[in-house]
Amino acid sequence: MIGVVYLGNNPQTEERLKYLPGRQVKIARTYMEAAEACKSRASYEHFIVFFEKNVRTEDVTSITYLRKNCEGAYIILITERLSDEERNVYLGCGINDTIDSKATISDFNKKLQFIGEHESTLFDTQVSKKRILRFEIPVWKRIFDIVCSLLGIVILSPILIFTAIAIKLESKGPVLFKSKRVGTNYKIFDFLKFRSMYIDAEERLKELSKSNNQYAEHQDQPAGEKKTTITAPLGAEAEQTMMEMGMESEMMISDDETMLVGDDFVMAESDFNKQKKEENENAFVKIENDPRVTKVGRFIRKYSIDELPQLFNILKGDMSVVGNRPLPLYEAEKLTADSSIDRFMAPAGLTGLWQVEERGKGGNMSAEERKQLDIIYGQTYNFTLDMKIIFRTLFSFVQKENV
């Protein structure tokens with residue numbers, strides 16, 4: 001049985017926690033009271049501490065104290081959406097999970113049920129004295145990654161060198177493009193690709209005419225058909241990331257919109273929050289012969305040469321050859337509050353189970369299906385499965401299909 005402690009001063013949260021079925025929640029007003037509650041209730045081996053977000057500086061002190069003095073505590077931050085800076089601060093001081101401040105009794109109960117079902121993993125004292133959930137890559141897999149990445153770098157070094165020279169000769173700017181991704185254990189790292197866009201891509205976007213947009217409304221457009229135009233440029237990072245992913249520009253953007261960039265889509269934050277699970281296809285535009293992409297960029301994206309620098313990510317240990325695709329920061333944040341967390345308790349990879357399965361479904365797979373395949377891989381991966389995925393990936397390249 002797991003004990004439950006609430007640390008905070010929100011009457012609404014207290015009221016919801018009161019009615020958790022089969023749970024008696026201890027209310028604490030200070031972090032010292034919460035720590036004492038964890039220590040004094042000897043009938044429980046482990047504790048869940050629901051921590052109400054307050055002033056950040058005070059929260060850091062409280063969470064740090066709890067982490068040091070409550071060895072068996074699993075700390076869940078009750079909060080609204082966190083900024084990137086806040087997320088890093090709270091993760092750094094020791095929170096394990098988050099839950100929305102407007103969560104219902106049912107939401108809290110589901111969280112408790114999930115933790116209870118995975119108690120042996122989440123509170124494994126052999127993993128960490130702090131009882132923080134953490135995945136350790138097996139020795140056989142790490143050795144395989146090092147050998148494969150070294151061989152790949154050596155064998156492909158002429159292509160790597162030639163590509164770097166070609167990019168440098170054609171346009172100014174760095175040879176490599178770096179984007180922040182979240183991999184195993186929610187570790188954030190620089191995800192490497194060869195640059196395939198001009199460095200002034202944002203300015204070039206402003207110069208695009210309606211004739212470049214396949215879906216823009218023309219004079220002969222049928223009456224009543226929705227018009228889709230670009231009203232403001234994407235932010236430089238979002239636009240660059242989108243192109244480095246090998247995507248075309250597909251977005252209607254407002255002047256002050258925040259853009260979210262995923263592995264296979266770019267979407268306005270407002271649209272994402274409304275739909276969450278599905279892409280808003282009606283809001284897309286498509287640009288043919290995009291002048292922001294370099295000639296070298298078109299070639300290296302077509303043959304996936306732009307992905308080769310990730311061999312250095314593998315050699316460094318950021319990724320594995322086979323695993324779950326590293327996610328952008330905002331997307332990883334959406335997968336911290338439920339069973340999706342299991343996808344991060346597995347290696348991050350260059351290729352993976354859902355990539356090869358997607359090919360078998362003709363490239364049509366929902367976000368939920370991908371998430372479940374990531375979780376399945378994390379629970380069942382072994383050397384034989386990795387070899388099958390690698391061979392299927394190579395076969396997919398031979399077939400020149402998008403996976």
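Before reading further, recall that the structure is shown in the block above.
Keep in mind the model is a prediction, meaning the values are calculated, not measured. (Residues numbered from 1 in each chain as written. Predicted model: local features only at pLDDT ≥ 70, side-chain atom pairs only at ≥ 80, totals over all residues. Heavy atoms only, no water.)

## Let's talk about the sheet that holds strand E4 (residues 73-79)
With parallel pairing, 5 strands are arranged side by side in an open sheet as E2-E1-E3-E4-E5. Of all strands in the sheet, those bounded by a partner on one side alone are strand E2 (25-28) and strand E5 (97-100). Pairs of neighbouring strands in the sheet enclose a mean axial angle of 25°, with direction left out of account. In this sheet, E2 lies alongside strand E1 (residues 2-7) in parallel orientation, the contact comprising 4 bridges. When the bridges of E2 are listed, Leu7 appears paired with Ala28. Across the sheet, helix H3 (residues 56-69) lies against E1, strand E3 (46-52) and E4, angled at about 180° from E3, the strand it touches most. Helix-sheet contacts for helix H5 (residues 105-117) involve E1, E3, E4 and E5, and the interaxial angle to E5 is about 160°. (Pairing = 2+ DSSP bridges. Helix = DSSP H or I, 4+ residues; strand = E, 2+ residues; numbered from the N terminus. Axes fitted to C-alpha atoms, helices over the stretch in contact; angles between N-to-C directions. Contact = heavy atoms within 4.5 Å.)

## Quick look at the side chain of Asp59
Here Asp59 lies in helix H3. The side chain of Asp59 is buried and forms no salt bridge, while Lys53, the nearest opposite charge, is found at 5.5 Å. Separated by 2.7 Å, the side chain of Asp59 and the backbone nitrogen of Asn54 make a polar contact. (Buried < 20%, exposed > 50% of the residue type's maximum accessible area, 1.4 Å probe, protein only. Lys, Arg positive; Asp, Glu negative; His and termini not counted. Salt bridge = Lys/Arg side-chain N within 4 Å of Asp/Glu carboxyl O. Polar contact = N/O pair within 3.5 Å; in protein donor to acceptor, adjacent residues only side chain to side chain.)

## Points about unusual backbone geometry
Non-glycine residue Asn185 carries a positive phi angle of around 60°. Tracing the sequence through the fold places Asn185 in the loop between strand E6 (176-182) and strand E7 (188-194). If you check the backbone angles, Ser304 has positive phi at about 60° while not being a glycine. As for its position among the elements, Ser304 is in the loop between helix H12 (295-302) and helix H13 (310-316).

## Considerations on the environment of Val60
Checked against the element boundaries, Val60 lands in helix H3. Leave out the neighbours within four places in its chain, and Val60 touches Val89 and Cys93.

## Quick notes on a nonpolar patch on the surface
Judged by side-chain polarity, Val139, Ile143, Val147, Leu151, Val154 and Ile155 come together as a nonpolar surface patch covering roughly 600 Å² of accessible area. Tracing the backbone through its elements, the reader meets Ile143 in helix H7 (residues 139-155). (Patch = residues over 30% accessible without salt bridge, like charges linked within 9 Å, V, L, I, M, F, W, Y side chains within 5 Å. Areas by Shrake-Rupley, 256 points an atom, 1.4 Å probe, with all protein chains shown as cover.)

## A short note on the pattern of salt bridges
Pairing is possible between side chains that carry opposite charge, provided their charged atoms lie close to one another. Per the stated rule, a full pass over the model turns up 12 salt bridges. Across the salt bridge formed by Glu80 and Lys102, the nearest N and O atoms sit 3.7 Å from each other. Taken as a pair, Glu80 in the loop between E4 and helix H4 (84-93) and Lys102 in the loop between E5 and H5 lie far apart in primary sequence, 22 residues in all. Exposure remark for Lys102: the relative accessible area of 60% places this residue in the exposed category.

## Looking at the nonpolar core
Ranked by internal contacts, the top residues of the largest apolar core, which has 28 residues, are Ile48, Phe50, Tyr74, Phe108, Ile115 and Phe344. At the level of secondary structure, the elements contributing two or more residues to this core comprise E1, E3, E4, H5 and helix H14 (329-333). Per-element accounting of this core gives the leading share, 4 residues, to H5. Counting 21 residues, the second-largest nonpolar core is a separate cluster that includes Leu7, Val49, Ile63 and Ala73. (Core = buried A, V, L, I, M, F, W, Y, C linked by side-chain atoms within 4.5 Å.)

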